[in-house]
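If you want the building blocks of each chain, they are given just below.
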Amino acid sequence: MDAKIKAYLMQAAYPVETNYSPVQNQIQFPFGYGLHLENYSASSGHYPQVPHEAVPSQLNNQYVADYHSACYSIPVQSVMTPSVGPSMLNTQQSQQLYSGAPHPVESAGGPTQGAISSASHLHTSVPQSYSALSSHYSSLTSSSVASQGFPLSSGHYAMPTVSSAVYPNLSYPSMSIGSPYGQVFTSQSLPAVGQFEETNAFPGQSSTVPRTLPHQVPLGYNSTSWSTSDFQSAQDNFSRNHTGSQAKASSQINTGIVLCMQYGGYVNNQASSAPAPLSSSSDDEEEDEEDEEAETNSATSSPAPTPQTSRAPKPFGYGYPTLQPGYQNTTPSTSAMQPSNPGHHSGFQQYPQQYPGVNQLSSTLGGLSLQHSQQPESLRPVNLTQDRNILPVSPVLAPVPNLNSDLRKLNCSPDSFRCTLTNIPQTQALLNKAKLPLGLLLHPFRDLTQLPVITSSTIVRCRSCRTYINPFVAFIDQRRWKCNLCYRVNDVPEEFMYNPLTRSYGEPHKRPEVQNSTVEFIASSDYMLRPPQPAVYLFVLDVSYNAVEAGYLTIVCQSLLENLDKLPGDSRTRIGFITFDSTVQFYNLQEGLSQPQMLIVSDIDDVFLPTPDSLLVNLHESKELIKDLLNALPNMFTNTRETHSALGPALQAAFKLMSPTGGRISVFQSQLPSLGAGLLHSREDPNQRSSTKVVQHLGPATDFYKKLALDCSGQQTAVDLFLLSSQYSDLASLACMSKYSAGCIYYYPSFHHSHNPAQSEKLQKDLKRYLTRKIGFEAVMRIRCTKGLSIHTFHGNLFVRSTDLLSLANVNPDAGFAVQMSIEESLTDTSLVCFQTALLYTSSKGERRIRVHTLCLPVVTSLADVYAGADVQAAVCLLANMAVDRSVSSSLSDARDALVNAVVDSLSAYISTASNLQQSTLIAPNSLKLFPLYILALLKQKAFRTGTSTRLDDRIYAMCQIKSQPLVHLMKMIHPNLYRIDRLTNEGTIHVNDRVVPQPPLQKLSAEKLTREGAFLMDCGSIFYIWIGKSCDNSFIKDVLGYPNYASVPQKLTQLPELDTVSSERARSFISWLRDSRPLSPVLQVIKDESPAKTDFFQHLVEDRTEAAFSYYEFLLHIQQQICK
Amino acid sequence: RARARPRSGPASPALLLPRWPRGAALAAMAFTFAAFCYMLALLLTAALIFFAIWHIIAFDELKTDYKNPIDQCNTLNPTVEKVKKIKRVKIALKLVLPEYLIHAFFCVMFLCAAEWLTLGLNMPLLAYHIWRYMSRPVMSGPGLYDPTTIMNADILAYCQKEGWCKLAFYLLSFFYYLYGMIYVLVSS
């Protein structure tokens, strides 16, 4: 089983970024799926033969015939096992009938749950079953299992079919199993209360199947497969009886998979008021637990508890009015088979041992139940005041949602999509009790190494809520699927029936859309309001005295020249330049001119475009002119004396230039705009920089830039701001131009090309990334969530166009978003919630594309479960976003208080729930043990710190970053990683691309960890500090830094030399490994212990006490005090 | 004698009645102006009720419907610049500031008419309006709503609640003005 699961995994992880060109029927399939072809290819047209096709390799003819008959009609089956087979069918069917029938009556009751869970298992088991060789059988088995709602049994049944010889014998046991079971159900159909108990009985009985074959152990598989085929036929018939359309579908279509869908659908139909489309995790939990019990039972060879067996011999067909006469006839025969049951028990013991996969599966499932099983690790109480080393040695990973393993596999990567609570509380009241923020952290346009791209003329979406089809939908039958967000039942379009990956027909659930939670669609013209725009880039450059003096122009022009060919775009790409000081200069780059033509507009009160056509030119046609301009530009203004900066008019001109097409405006500004519209005045009082009381001017001084941004956003234009200034430039106002137009902001304080090489190196690197990274134009992003949840607030550089729709003029791979959620209606009738983000954008190649991420999370009802699922990093990032809003709208001290209160409230809420804990100690669940530390780090972050001198622009920039950075980067900003690098060893190394990367443990951010003998690397996301202690080992300095001793290391060192020593290699490979993990290549700064730059390093040691802020321990005491209050 | 009748009449509303000036001559003079004030207030309050209803509808639309908040804010703010699609929106283009001005206007009228109780009842709303306008987001033109923050669920909910509260207040005050007007007319 293990091996098979792996096989499945391999298949699932089929090749990526497969933008298949239309091969067959416009659809393409990646390589990995070819494996299936042998089995599936035949199935496309000729259903009844499918089993045949698949079978011969493994089974003999007889079996095939039987199987076939079993699948398709009862009479045929009865030929095979005349008396028994039908009865089995019957009972099976009756069972199904039963499980379905009561639902309408008592929709919220136990039965529904059982049914739902069965549906869930159906889904869970299906993928698993793929692992089996000839997927048909396996899927059959899984479907049958699913129908009974037993993961355990599913495990058992999912065994692949192998041999054929013993086959007929085996059929009996399987039938016998079926029959008693069905009776159990029927007999209970009327009371319809403790169905769980009854279902509980089932595993015991079902386990009898393999037990029949103690002497034919390998054949046991066979039997199971067989039985499932029976099940299937039962379902087949059943569906015919009940829903004509379904029956039709099943009879026409490749039955195996159909059935599992049918069943799920069936359940869903019946349990209309309990609309859990996939699985109800709470139900799962219970069941899983039971399964676990059953598992242990079986392991200890005490199979089939007596109560269960006693239940079996109830009258057959009892209470089942819907049974068809034919079925009823056959029931007696099943009763005859019953005695054989006990005999099967004997072999049961072998069962789990033989199939470790089963054990594994159920144990993972069993691990789901939180309350009854042992306490999960995430809830283990941690005494914060006593536990000094709470920081794990390796970077903190996102908690895994408490789902069953199959959903887990399908779920969206936490790098793109994370929720602060991986267990969603059922009601807002519960959420309020937990005192934790509920929200999502998105990184939707992240650079992915694997991304299935789907070209299809119809993109399947829910008709009412427009959700894209995703792995968490339920297929009711082959023709219909149920939306997992609004529960509407939709039709599967004809085209979707064809699976391009397997080139087979009738397997909609195997399409890549349903196998991947992150997919990209190539959209049709329905998704366009206008033809896709070309990539248009406009550079607006400050050429006033300040700017020329700082010397950024050289770097920008150089980077542009280098990357001109790498700018994302196609043959239509256009580019333009505007420079400004007290006037605005345009550059005519029309093809055919001998050299670029500068056009100066000095009327900045009413700026106009001198020649509307030739200012934005085709990059390829005018490439020579552009290169000329870029070469000339740095020297054109060297003698300028103009100190004024008319940024506002230049932006207005840029907007006018861009509005017909949309695109990207990159603004390089070096000082406070001082002329024309949007002029700003210095608002910063340097004496207030370290004030502990009020920090003013966090909001914009004028709404000019905001309005401009909104206008730009309306014209699909984003404004990116590069602020390179040495003095105050009112970033709070300027940032608005990027914030609301979905641009990005870069800030280089005290930038100077020669005096500050670190910053110019950073600008160079940032520009390289900025110019060459992917870009999406005219994008909109919609976030949908399961009914009952609603979006509260968005964070990020964006404009909110309606409650769930974001308009992003540009989207770039480094942009992160945060969303606050609230629970409007309680989620009582569902056990899973899903979130889906759909990002519709125009690629730089002029393709309209939709990137869809879907996240699925369980719903929980108890407070403990909510805490167990808390994702502390996501929560901290969301809180940071909220705190930025708060500090702008209210005040910084309010925001700081709110942050502290967030910790105090959540921990006190936790302590009050855990009544057995001592009230006097500060206890946190393991999942939240880092919460106080992160909040303290946040309070000491530039954005929120008080008491330490912080320039207003630095503060604002930190706030902008908090709002727009994706979680991974933000966490490093908040809480940097500290490593000791002077003694890198090979212990625990990992191998990346033939490089050995050492993995030093994370150190606490405290000076106590720093020793004078060591060298430490601090990874702050955008910058690496290497701190070298005074008495650092000379060999390290020699081998890694390339200097003979400590004294000779220069003050400003920004690179590690490539030395041919082991330690140098280790250090460099470690640093380059860290670099590779993020898009912006960080700058390295070597800091000696006595250098003035060491404050930069020491300010990040957040656990230490500073003049104005608590140490970590003091902070804990403070929290404790607040809790006790 | 004529004055005594309404006083002895309905017991509870008597508390709400404006305090009556002493001299008969004064009463005769105030009668016309006070009555005029009430009449005017009555008409204007009717208009304000419509405004409030529109306010509620607009925000409800914003919440449920998929309308672009830029348009919405432009319609809610008195900046008349863009062509508006929806008629209802067009009608109430200049909503916020006019509402505040109308309310302030008849507050001044009541002040002149020395209708202290009525004025007192309106003072909280007047103060609220002033506070609300003072604490509006940074904006170059007149207006109250910021398109970038209005979709925030808290703000949206607040605005909706505000709309309902105002509607209730205007409705009550409508009947109060009606009563006051009749009372003034009758008592004179």
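Residues numbered from 1 in each chain as written. Chains lettered and ligands numbered in written order. Predicted model: local features only at pLDDT ≥ 70, side-chain atom pairs only at ≥ 80, totals over all residues. Heavy atoms only, no water.

Draft legend 1. A look at the overall build of chain B. The secondary structure content of chain B amounts to 8 helices and 0 strands. Start at the N end of chain B and walk to the C end: the helices and strands fall as α-α-α-α-α-α-α-α. Across chain B, every contact between residues at least 6 apart in sequence was considered, and the portion connecting residues at least 24 apart equals 70%. Taken as a whole, chain B presents about 10100 Å² of accessible surface, with 72% of it coming from carbon and sulfur. (Helix = DSSP H or I, 4+ residues; strand = E, 2+ residues; numbered from the N terminus. Contact = heavy atoms within 4.5 Å. Areas by Shrake-Rupley, 256 points an atom, 1.4 Å probe, with all protein chains shown as cover.)

Draft legend 2. Structural view of the confidence of the model for chain A. Taken as a whole, chain A shows an average pLDDT of 70; of its residues, 66% reach a score of 70 or greater. Across residues 1-373 of chain A, where pLDDT falls below 50, the model places 705 contacts with residues more than four positions away in sequence or in other chains. (pLDDT = per-residue confidence, 0-100.)

Draft legend 3. Structural context of the pairing of strand 20 (residues 776-785) of chain A. All names here are of chain A. The buried count for strand 20 comes to 9 of 10 residues, which makes it a mostly enclosed element. Bridge count between strand 20 and strand 23 (residues 805-811): 6 bridges; the pairing is antiparallel. Across the sheet, Gly776 pairs through a bridge with Val811, a residue of strand 23. Where strand 20 meets strand 25 (residues 832-843), 8 bridges bridge the pair, whose relative direction is antiparallel. In the strand pairing of strand 25, Arg784 is matched with Gln836. (Buried < 20%, exposed > 50% of the residue type's maximum accessible area, 1.4 Å probe, protein only. Pairing = 2+ DSSP bridges.)

Draft legend 4. Summary view of the pattern of salt bridges. Residue and element names in this part refer to chain A. Applying the stated criterion across every chain yields a total of 28 salt bridges over all chains. With its nearest N and O atoms 2.7 Å apart, the salt bridge here joins Asp804 to Arg782. Residue Asp804 is located in the loop between strand 22 (799-802) and strand 23, and its partner Arg782 is located in strand 20; the two are separated by 22 residues in the primary sequence. Arg951 is paired through a salt bridge with Asp954; the nearest N and O atoms lie 3.6 Å apart. The exposure classification of Arg951 matches that of Asp954, with both residues buried. Salt bridges here are not isolated pairs; linked through shared partners, they connect Asp447, Arg769, Arg773 and Asp814. (Salt bridge = Lys/Arg side-chain N within 4 Å of Asp/Glu carboxyl O.)

Draft legend 5. How the structure looks around the sheet that holds strand 8 (residues 489-491) of chain A. Residues and elements named next belong to chain A. Strand order in the open sheet formed by 3 strands is 6-7-8, with antiparallel pairing between adjacent strands. Among the strands making up the open sheet, the edge pair consists of strand 6 (474-477) and strand 8. Averaged over all pairs of adjacent strands, the angle between their axes in this sheet comes to 35°, without regard to strand direction. Note: strand 7 (residues 480-482) against strand 8, 3 bridges, orientation antiparallel. (Axes fitted to C-alpha atoms, helices over the stretch in contact; angles between N-to-C directions.)

Draft legend 6. How the structure looks around the packing of aromatic side chains. Residue and element names in this part refer to chain A. By the definition in use, this model includes 31 aromatic pairs over all chains. Centroid distance Phe445 to Tyr841: 4.7 Å. Interplanar angle 80°. Geometry classified as edge-to-face. One end of the pair, Phe445, is in the loop between strand 4 (439-442) and strand 5 (453-455); the other, Tyr841, is in strand 25, and 396 residues separate them in sequence. Judged by its relative accessible area of 1%, Phe445 is buried. Given the relative accessible area of 1%, Tyr841 is considered buried. Counting every residue linked through ring pairs, the aromatic cluster contains Tyr552, Phe668, Phe722, Tyr746 and Tyr770. Sitting over the face of the ring of Tyr468, Arg461 holds its NZ or CZ atom 4.2 Å from the ring centroid. Sitting over the face of the ring of Tyr770, Arg664 holds its NZ or CZ atom 4.1 Å from the ring centroid. (Phe/Tyr/Trp six-rings, centres within 6.5 Å; stacked < 30°, edge-to-face > 60°. Lys NZ or Arg CZ within 6 Å of the ring centre and 35° of its normal.)

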